[in-house]
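Residue-level structural notes
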There are 2 protein chains.
Amino acid sequence: MTTISIFGKGNMGQAIGSNFSDAGNQVSYVTHDSKKTELGEIVIFAVPYPAVKEVIADYKQELAGKIIIDITNPLDFDTFDRLVVPSDSSAAALFATELPESKVVKGFNTTFAATLTSKKVSGEHQTTVLLASDDAAAKETISQSLSGSGLNVVDAGALKRARELEAIGFLQLTLAASEKINWTGGFDLFK
Amino acid sequence: MTTISIFGKGNMGQAIGSNFSDAGNQVSYVTHDSKKTELGEIVIFAVPYPAVKEVIADYKQELAGKIIIDITNPLDFDTFDRLVVPSDSSAAALFATELPESKVVKGFNTTFAATLTSKKVSGEHQTTVLLASDDAAAKETISQSLSGSGLNVVDAGALKRARELEAIGFLQLTLAASEKINWTGGFDLFK
């Protein structure tokens, strides 16, 4: 059993919260109305990319030592034509620089909320969560904590690979926004 | 019926050749031994990324006016840790700059050869070919030419999106090289 604190209670935050509670973990949410409390072993940034700045400013000390899952897709949502992070970096890598005492993991950004809730992509194939981080133990803790959630969890490599995960998240969002795919579909990984 | 010229007769070139001939097109290969001939309406760069330079140098005039499909994954194969193209660009975008009179399309770089031959990823789900180009008519011609091939063809957007397609190809190769997935598996798209 792991304790999970989720910043943000939108579609993604709620879906991920259910995934972790389905697997027997203790999940709590941190919202704007929340009093400042101690955070769980795993902390999830399930707020839009621009809002993470504020979370880091408010909770920098509390985030030290924690496993952080960054699920953001740092799109320019006005144009849907680019990411707002530098092309040779990623949102997760930028957060890791700002939080050197935390264990930053990129994950859940390549899965739409509906596929986390149903545990299937397009109702057909088990949903895969891809994790990228330089901290192998952090990825293992997340993977163990999701055992029994019904999700397939795959180690996608070092934190550098967050760039490729964000590229997948980006392309997938453009495909859904242009109605090439549904919000219940998207990319999935086959072994 | 479209005429297809494929540079390179490796696993990928042969698989893609079969896909186009299955769909009733006339396929020919251009290899180092080939005499210089007229090229088909669609030309496929199915040689490793570093070898495209030579193809362009040798065939620049013949490539004018043609639809070109760039299938390369421009990895640093020594490290498997980066792409060798600038992070804000793509192999396809670089080729388009060198071939302003050609219609450059990124495609087939996110599918392993085995999944093109079997038309299924992991034997389970129809293989999807993603196409990115600024030339909508070129993408349409390719899509029509593959009608009946057994492949699912999806328009992934403008040539800028080649960067994201190359990111997917890159990540997929690292996952196969590290034995997280098989060469019959990989990413597939669900509607």
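The rules behind these values
- Residues numbered from 1 in each chain as written.
- Chains lettered and ligands numbered in written order.
- Predicted model: local features only at pLDDT ≥ 70, side-chain atom pairs only at ≥ 80, totals over all residues.
- Heavy atoms only, no water.
- Helix = DSSP H or I, 4+ residues; strand = E, 2+ residues; numbered from the N terminus.
- Rg over C-alpha atoms; globule rule 2.2 N^0.38 Å.
- Buried < 20%, exposed > 50% of the residue type's maximum accessible area, 1.4 Å probe, protein only.
- Contact = heavy atoms within 4.5 Å.
- Areas by Shrake-Rupley, 256 points an atom, 1.4 Å probe, with all protein chains shown as cover.
- Lys, Arg positive; Asp, Glu negative; His and termini not counted.
- Charge placed at Lys NZ, Arg CZ, Asp CG, Glu CD.
- Polar contact = N/O pair within 3.5 Å; in protein donor to acceptor, adjacent residues only side chain to side chain.
- UniProt positions renumbered as here; feature names shortened; annotations may be inferred.
- Least-squares fit on C-alpha atoms with pLDDT ≥ 70 in both.
- Pairing = 2+ DSSP bridges.
- Axes fitted to C-alpha atoms, helices over the stretch in contact; angles between N-to-C directions.
- Buried area = accessible area lost by both parts, 1.4 Å probe.
- Salt bridge = Lys/Arg side-chain N within 4 Å of Asp/Glu carboxyl O.
- Parallel < 35°, antiparallel > 145°, perpendicular 65-115°, else oblique.
- Left-handed = near helix turned anticlockwise from the far one by under 90°.

Our focus in this paragraph is the overall build of chain A. Looking only at helices and strands, chain A has 6 helices and 10 strands in total. Here the C-alpha radius of gyration of chain A, 15 Å, is about what a compact globule of 191 residues would show, namely 16 Å. Across its three principal directions, the C-alpha atoms of chain A cover 45 × 35 × 35 Å. Here chain A holds 191 residues, and 54% of them are scored as buried. Sequence-distant contacts in chain A: of pairs separated by 6 or more residues, those separated by 24 or more amount to 70%. Summed over its atoms, the accessible surface of chain A is roughly 8100 Å², and 48% of this surface lies on carbon and sulfur atoms. When the 17 basic and 23 acidic side-chain charges of chain A are each reduced to a single mean position, those positions are 2 Å apart.

Mapped onto the fold, B:Glu164 is located in helix H6 (residues 162-177). One polar contact links B:Glu164 to B:Arg161, side chain to side chain, over a distance of 2.8 Å. Those residues in contact with B:Glu164, other than ones at most four positions away along the chain, are A:Ala167, A:Phe170 and A:Leu171.

UniProt annotation of "domain: Pyrroline-5-carboxylate reductase catalytic N-terminal" (unreviewed entry) refers to residues 40-74 of chain A when read in the numbering used here. Across residues 40-74 of chain A, helical content stands at 43% and strand content at 23%; the span's end C-alpha atoms are separated by 25 Å.

Rotating chain A by 180° about the axis while translating it 0.0 Å along that axis superimposes it on chain B, leaving an RMSD of 0.0 Å. Those values place the two copies in the arrangement expected of a two-fold rotation axis. Interface residue correspondence from chain A to chain B reaches 100%, placing this contact among same-surface, isologous pairings.

All names here are of chain B. Across the sheet, which stays open at both edges, the 7 strands sit in the order E2-E1-E3-E4-E5-E8-E9 with mixed pairing between neighbours. Of all strands in the sheet, those with a lone pairing partner are strand E2 (26-30) and strand E9 (152-157), marking the two edges. Within the sheet, the average angular offset between the axes of one strand and its neighbour, ignoring direction, is 25°. In this sheet, strand E5 (residues 103-107) lies alongside strand E4 (residues 67-70) in parallel orientation, the contact comprising 4 bridges. Counted as the bridge partner of Ile 68 is Val 104 from E5.

A few words now on the interface of chain A and chain B. With 34 residues of chain A at the contact, the number on the chain B side is 34 residues. Both faces considered, chain A and chain B share a buried interface measuring about 3100 Å² in area, 61% of it formed by carbon and sulfur atoms. Summed over the shared surface of chain A and chain B, the result is 4 salt bridges. As a salt-bridge pair, A:Arg161 and B:Asp81 come within 2.9 Å of each other at their nearest N and O atoms.

Glancing now at the pattern of salt bridges. Side chains that carry opposite charge are capable of pairing whenever their charged atoms lie near each other. In the structure shown here, the tally under the stated rule is 18 salt bridges over all chains. Of the charged contacts in the structure, one is a salt bridge between A:Lys119 and A:Asp22, with a shortest N-O distance of 2.8 Å. Of the two residues, A:Lys119 is situated in the loop between helix H4 (113-118) and strand E6 (120-121) and A:Asp22 in helix H1 (residues 11-22); the sequence distance between them amounts to 97 residues. Within this structure, A:Asp81, B:Lys160, B:Arg161 and B:Glu164 form a network of salt bridges that share partners.

Moving on to the packing of helix H2 (residues 49-63) of chain B against helix H3 (residues 91-98) of chain B. Residue and element names in this part refer to chain B. Contact pair H2 / H3: the axes reach a minimum separation of 12 Å and the direction vectors enclose 15°. One way to sum up the angle between H2 and H3 is to call them roughly parallel. Relative to H3, the crossing made by H2 is right-handed. From H2, Tyr 49, Val 52, Ile 56 and Lys 60 reach across to H3, where they touch Ala 91, Leu 94, Phe 95 and Glu 98.

Residue and element names in this part refer to chain A. Tracing the sequence through the fold places Lys 66 in the loop between helix H2 (49-63) and strand E4 (67-70). The charged side chain of Lys 66 is buried without a salt bridge, its nearest counter-charge being Glu 38 at 5.2 Å. Residues contacting Lys 66, with those up to four places away along its chain left out, are Leu 39, Gly 40, Glu 41, Val 43, Ser 102 and Lys 103.

Residues and elements named next belong to chain A. The 7 strands are arranged E2-E1-E3-E4-E5-E8-E9 in an open sheet whose pairing can be described as mixed. Every other strand in the sheet has two partners, leaving strand E2 (26-30) and strand E9 (152-157) as the edge strands with one partner each. Sheet twist, expressed as the average angle between the axes of neighbouring strands with direction ignored, equals 25°. As judged from the 4 bridges shared by strand E1 (residues 3-7) and strand E3 (residues 42-45), these two strands associate in the parallel manner. Of the residues in E3, the one forming a bridge with Ser 5 is Val 43. Contacting E3, E4 and strand E5 (103-107), helix H3 (residues 91-98) crosses the sheet at an angle of about 170° to E5.

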